[in-house]
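Next come the chains, spelled out residue by residue.
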Amino acid sequence: MSWSAETIKRAHDIVARYPEPRSAVMPLLYLAMRQDGYLTADGMKQVADLVGITPAQVQSVATFYVMFKTEPKGKYLISMCTSISCYLMGADDVLHAIEEASGVPAGEADDEIGVEHAECIGACGGAPACLVNYELIEGLTVEKAKELVRWLRDGKPETINGDELQTLFGSVTSFDWAIKEDNAAIGPYPAFPVFGTAAQNTDALEPGRGA
Amino acid sequence: MVYPLVVTKRMMEHPADSHTMKRYEATGGYVAARQSVGQTREELVELVKASGLLGRGGAAFSAGLKWSFLAPARPAYLVVNGDESEPGTFKDRQLMERDPHQIVEGMIIAAKANEVHDSFVYIRGEYPKPARRLQQAVADAYAKGYLGKGIFGTDYDLELTVHLGAGAYICGEETALLNSLEGRRGEPRIKPPYFPAAKGLYMKPTIVNNIETISNLPHIINQGSEWFAGLSDSADTGTFMMSISGHVNKPGNYELPHGLTWREVIYDVAGGIRNGNELKAWVPGGASAPWFVPELHLDRPVTKEACAADGSMLGSGAIIVMDHTTDMVGAAERLVAFFAEESCGQCTPCREGTTWLDMILQRVLNGAGRDADIDLLLDVADNISVGLGWPPKQTTICPLGPSAVSPVMSLVRHFRDEVEAHIASAPHSGGQGVAVSIRGIA
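Residues numbered from 1 in each chain as written. Chains lettered and ligands numbered in written order. Predicted model: local features only at pLDDT ≥ 70, side-chain atom pairs only at ≥ 80, totals over all residues. Heavy atoms only, no water.

### Focus on the interface of chain B and chain A
Where interface size is quoted, it is often the accessible area lost as the parts come together. Condition: Any pair of residues with heavy atoms lying within 4.5 Å of one another is described as a contacting pair. By convention, the term buried area covers the 1.4 Å-probe accessible surface removed from two parts as they join, with the contributions of both added. The working definition used for a salt bridge is a side-chain nitrogen of Lys or Arg within 4 Å of a carboxyl oxygen of Asp or Glu. Whenever two N or O atoms come within 3.5 Å, that pair is a polar contact, provided that in protein one can donate a hydrogen and the other can accept it, and provided that, for residues adjacent in sequence, both atoms are side-chain atoms. Each residue is assigned to one of three groups, with Ala, Val, Leu, Ile, Met, Phe, Trp, Tyr, Cys and Pro labelled nonpolar, Asp, Glu, Lys and Arg labelled charged, and all others, Gly among them, labelled polar.
Taken together, the 74 residues of chain B in the interface contact 60 residues of chain A. Interface area, chain B with chain A, both sides summed: about 5,400 Å², of which 58% is carbon and sulfur. Taken together, chain B and chain A are joined by five salt bridges. A salt bridge links Arg132(B) to Glu135(A); its shortest N-O distance comes to 3.0 Å. Counting across the interface, chain B meets chain A through 28 residue pairs in polar contact (both at pLDDT 80 or more). Partitioning the side of chain B that touches chain A into residue classes produces 31 nonpolar, 21 polar and 22 charged.

Given below as structure tokens:
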């Protein structure tokens, strides 16, 4: 999909925040994922043109980081942590339950749901934990994980809200989350207003360099 | 037991709104930053040196001394490392989510101390919520004139940009982080010549500080270096945050004084072992730290000095506790698998060695172990870190490869019988076991 004038403007604003344009490659790759759902050759070419490097250089960056997806990962990407603390608290059983309930083996995706194992996601005090479109659920169980998959399949939520997920499917947390927030994720990329990848508050770009 | 709190005090006393500008300013916020912009580099560096504050990212180097090493060329940059990705560590996540203004204020102080006008926070991509909170705090600070042109009505300018990573543990290594922030693959640079203080971001002098280190700065400015040093009896001053996870009753982040014993931390602070189970072993300072066992270490003090004397480290302050039901070969495999997956691939001993260590551990776990596998593990490990000593020697650009050796050495040192039992239970333990990959690492 070609980028709208508004998205191009946002991209230029992001580039302007950095002393050197190339630093904007990673934020722009998130923006490209927002455009197409994953990183397409066209999307990476667009990023290359915006920061003045070659598409091959952009691809070399994109393929280094696990959160940049060069293939479709469905509308909801479930990243189940299997690192040490989650492993100790039964993460492998939870991952298998997610694979079984969704019919999607780890590392693969259908049109709706992608499943992957993740290395430590920083939720060790609330292990086992997973991310759905990078929003966190702590204190998962096998049963709750199956419910999560059914909820995604049947409910097809437009957006993912971390607090809602935690309330519905989570239990013990790493610390008191305390404050609810209404930002919501809409795809397999983190919701961050400044990059234009949040479902809400996308106008919250703060003043640019020298503004 | 109630311990004095510094960086978590506000969020404990005001859980509902500790992240807001209103609460932050109502509890003494931005007084320190306002004062600092009127102070000289020398004054601020000396103050932080005198406080004894050590970097909280794992290396525990004097923060003030690090600042004093910054090369004089300008522009220079301040980069704050919020890439926290060490298995077991989740303290910076809480600091970013629950008290983001403390970080913004700390960054203003660090920037002024180093005569920097451009600063960045690099937050791991898996932390969008902490990033959003910090971004909101940054926007609020710009709106108040605490960031941007002429901050606090002075002629001092400071830009602050929140930058999101994209899932790479190695970007917690400071030179890899700088490459990543430049829009490159997150591969560590060779030191020398690429010491950030001389050749950092865009090859310019750069200070890289950890989130917890930065969070302490406003308190040191407000209450003085003597107060901060006085919080501790050891050379390691102030308080420190521990992330406790695994088989304990009360996992979580705890801000603690230095010098408790491991028994106090595991049984009093973290509520003891789940289901009344027996403690088997714990990782004292992040996935790279050699394990401790109750017979040898339970009554040893939780200090950097004591950990070093016992052949391990406090590192990032992540304790991972394992009870008697734990399969130690499984635990070691999971730790090694992490490093195998997160190796950036530049150096052969790390790229190949960590993968082989993991495949050998997997086949032992899967009932295909061979009699020679313990020796083979040690041989591969020795090729990554020659001599298998502590602190580990490096054959690689950064310490990631040698980090994978720690769990293997801990396993063989303390639980060799468990490895042997796994191998003995294999149907053809003397024969040709097959390396089986369970998570696609091969």
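### Let's talk about helix H15 (residues 328-342) of chain B
Residues and elements named next belong to chain B. Convention followed: Secondary structure counts use DSSP, requiring at least four H or I residues in a row for a helix and at least two E residues in a row for a strand, with both numbered from the N terminus. Expected span of a helix: the number of residues minus one, times 1.5 Å. Each residue's exposure class comes from its accessible area (1.4 Å probe, protein chains only) as a fraction of the maximum for that residue type: buried when under 20%, exposed when over 50%, partly exposed otherwise.
Its 15 residues place the ends of H15 21 Å apart at the C-alpha level, agreeing with the 21 Å of an ideal helix rising 1.5 Å per residue. The buried fraction of H15 is high, at 14 of 15 residues. N-cap assignment for H15: the residue whose side-chain oxygen lies 2.9 Å from the backbone N of Val-329 is Asp-327.

### Points about the domain arrangement of chain A
Residues and elements named next belong to chain A. Let me state the cut-off plainly: Boundaries between domains were set according to an automatic or database domain assignment.
With domains assigned, chain A is organised as domain 1 (5-69 + 189-195) and domain 2 (76-169). Both sides together, the interface formed by domain 1 and domain 2 hides about 360 Å², and carbon and sulfur atoms give 55% of it. Inspection of the domain 1/domain 2 interface yields one salt bridge. The shortest N-O distance in the salt bridge between Lys-69 and Glu-116 comes to 2.7 Å. There are one residue pair in polar contact (both at pLDDT 80 or more) connecting domain 1 and domain 2. In terms of residue class, the side of domain 1 that touches domain 2 is built from four nonpolar, no polar and one charged.

### A short note on the sheet that holds strand S8 (residues 318-323) of chain B
Residue and element names in this part refer to chain B. What counts, and what does not: Here, strands pair whenever DSSP counts at least two bridges between them. Axis geometry follows a simple rule: fit a line to the C-alpha atoms, using only the stretch in contact for helices, then measure angles between N-to-C directions, giving values from 0 to 180 degrees.
One open sheet holds the four strands; their spatial order is S6-S5-S8-S7, and the pairing between them is mixed. What marks the edges here is a single partner per strand, and that holds for strand S6 (252-257) and strand S7 (279-283). Adjacent strand axes in the sheet meet at a mean angle of 30 degrees when their direction is disregarded. Where helix H6 (residues 91-98) meets the sheet, its contacts fall on strand S5 (239-246) and S6, and the angle it forms with S5 comes to roughly 115 degrees.

### Here we look at the packing of H15(B) against helix H18 (residues 400-424) of chain B
All names here are of chain B. Here is the rule: In these notes the angle categories are as follows: under 35 degrees is roughly parallel, over 145 is roughly antiparallel, 65 to 115 is roughly perpendicular, and the rest is oblique. A clockwise turn of the near helix away from the far one marks a right-handed crossing, whereas an anticlockwise turn of less than a right angle marks a left-handed crossing.
Two numbers describe how H15 lies on H18: the axes approach to 8 Å, and their chain directions differ by 160 degrees. Judged by the inter-axis angle, H15 sits roughly antiparallel to H18. Taken as a pair, H15 and H18 cross one another with a handedness that is left-handed. Together, Met-328, Val-329, Ala-332, Leu-335, Val-336, Phe-339 and Glu-342 of H15 and Leu-400, Ser-403, Ala-404, Pro-407, Val-408, Leu-411, Phe-415, Glu-418, Val-419 and His-422 of H18 make up the contact between the two elements.

### Things to note about the nonpolar core
Just so we agree on the cut-off: Only buried residues count toward a nonpolar core. Its members are Ala, Val, Leu, Ile, Met, Phe, Trp, Tyr and Cys residues joined through side-chain atoms within 4.5 Å.
Grouped together as the largest cluster of nonpolar side chains are 185 residues, with contacts concentrated most on Leu28(A), Leu29(A), Tyr65(A), Tyr30(B), Val104(B) and Ile108(B). In terms of residue count, the dominant contributor to this core is H18(B) (ten residues). Those residues in contact with Tyr30(B), other than ones at most four positions away along the chain, are Met21(B), Tyr24(B), Glu25(B), His101(B), Val104(B), Glu105(B), Ile108(B), Ala141(B), Tyr146(B) and Phe152(B). Among the nonpolar cores identified, the runner-up in size contains 23 residues, and Phe240(B), Trp262(B), Val269(B) and Cys307(B) belong to it.

### Description of the packing of helix H2 (residues 25-36) of chain A against helix H4 (residues 55-62) of chain A
All names here are of chain A. The N-to-C vectors of H2 and H4 enclose an angle of 85 degrees; their axes lie 11 Å apart at closest approach. As far as their axial angle goes, H4 and H2 are roughly perpendicular. Of the residues in H4, those in contact with Val-25, Met-26 and Leu-29 of H2 are Val-58, Val-61 and Ala-62.

### Section: the environment of Phe339(B)
All names here are of chain B. On the secondary structure map, Phe-339 appears in helix H15. For Phe-339, a relative accessible area of 0% puts it in the buried group. With 22 residues separating them along the chain, Phe-339 and Gly-317 place their C-alpha atoms 18 Å apart. Contacts of Phe-339, omitting those with residues within four sequence positions, involve Tyr-169, Ala-287, Ser-288, Thr-354, Leu-400, Ser-403 and Ala-404.

### Looking at the pairing of S5(B)
All names here are of chain B. Burial within S5 is extensive, with eight of its eight residues counted as buried. Residues of S5 alternate between two faces, with Thr-239, Met-241, Ser-243 and Ser-245 on one and Phe-240, Met-242, Ile-244 and Gly-246 on the opposite face, all of them buried. When S5 meets S6, the two strands line up antiparallel, connected through six bridges. The partner of Met-241 across the bridge, within S6, is Glu-255. Counted along the chain from S5 to the antiparallel partner S6, the turn is five residues long. Sheet analysis places S5 next to S8, joined by four bridges and oriented parallel. Each residue of the ladder has a partner; that of Gly-246, found in S8, is Val-321.

### Some thoughts on the pairing of strand S1 (residues 77-82) of chain B
Residues and elements named next belong to chain B. Of all the six residues making up S1, six are buried; the element is thus mostly covered by neighbouring parts of the structure. Side-chain alternation along S1 places Tyr-77, Val-79 and Asn-81 on one buried face and Leu-78, Val-80 and Gly-82 on a second face that is also buried. Both S1 and strand S4 (residues 206-210) contribute to a ladder of five bridges, which runs parallel. Residue pairing across strands places Val-79 opposite Val-208, the latter belonging to S4.

### With respect to the domain arrangement of chain B
All names here are of chain B. Structurally, chain B comprises domain 1 (9-230), domain 2 (239-323) and domain 3 (328-424). Taking the mean C-alpha position of each, domain 2 and domain 3 sit 23 Å from one another. If you look at the interface, domain 2 gives 13 residues, while domain 3 gives 14 residues. Around 1,200 Å² of area is buried between domain 2 and domain 3 when both sides are counted, 75% of it from carbon and sulfur atoms. In terms of surface lost to domain 3, no three residues of domain 2 exceed Lys-280, Ala-287 and Trp-291, which account for 50% of the buried area on that side. Applying the counting criterion to the domain 2 and domain 3 interface returns one salt bridge. Salt-bridge contacts for Lys-280 lead to Glu-418; the nearest nitrogen and oxygen are separated by 2.6 Å. Residue classes in the side of domain 2 that touches domain 3 are distributed as nine nonpolar, three polar and one charged.

### Structural notes on the side chain of Arg22(A)
Quick note on the threshold: Two residue types count as positive, namely Lys and Arg, and two as negative, namely Asp and Glu; His and chain ends fall outside the count.
For Arg22(A), the location among the structural elements is in the loop between helix H1 (5-16) and H2. The side chain of Arg22(A) sits in the buried core without any salt bridge; Glu182(B) is the nearest counter-charge, 7.1 Å away. A distance of 2.9 Å separates a polar side-chain atom of Arg22(A) from the backbone oxygen of Gly183(B). Apart from the residues within four sequence positions on either side, Arg22(A) is in contact with Val51(A), Ile53(A), Gln57(A), Val61(A), Glu182(B), Gly183(B) and Arg184(B).

### Digging into the side chain of Thr175(B)
Residues and elements named next belong to chain B. Tracing the sequence through the fold places Thr-175 in helix H9 (residues 174-181). At 2.9 Å, the side chain of Thr-175 and the backbone nitrogen of Arg-189 are in polar contact. Apart from the residues lying within four places of it in its own chain, the contact partners of Thr-175 are Glu-187, Pro-188, Arg-189, Lys-191, Tyr-194 and Pro-196.

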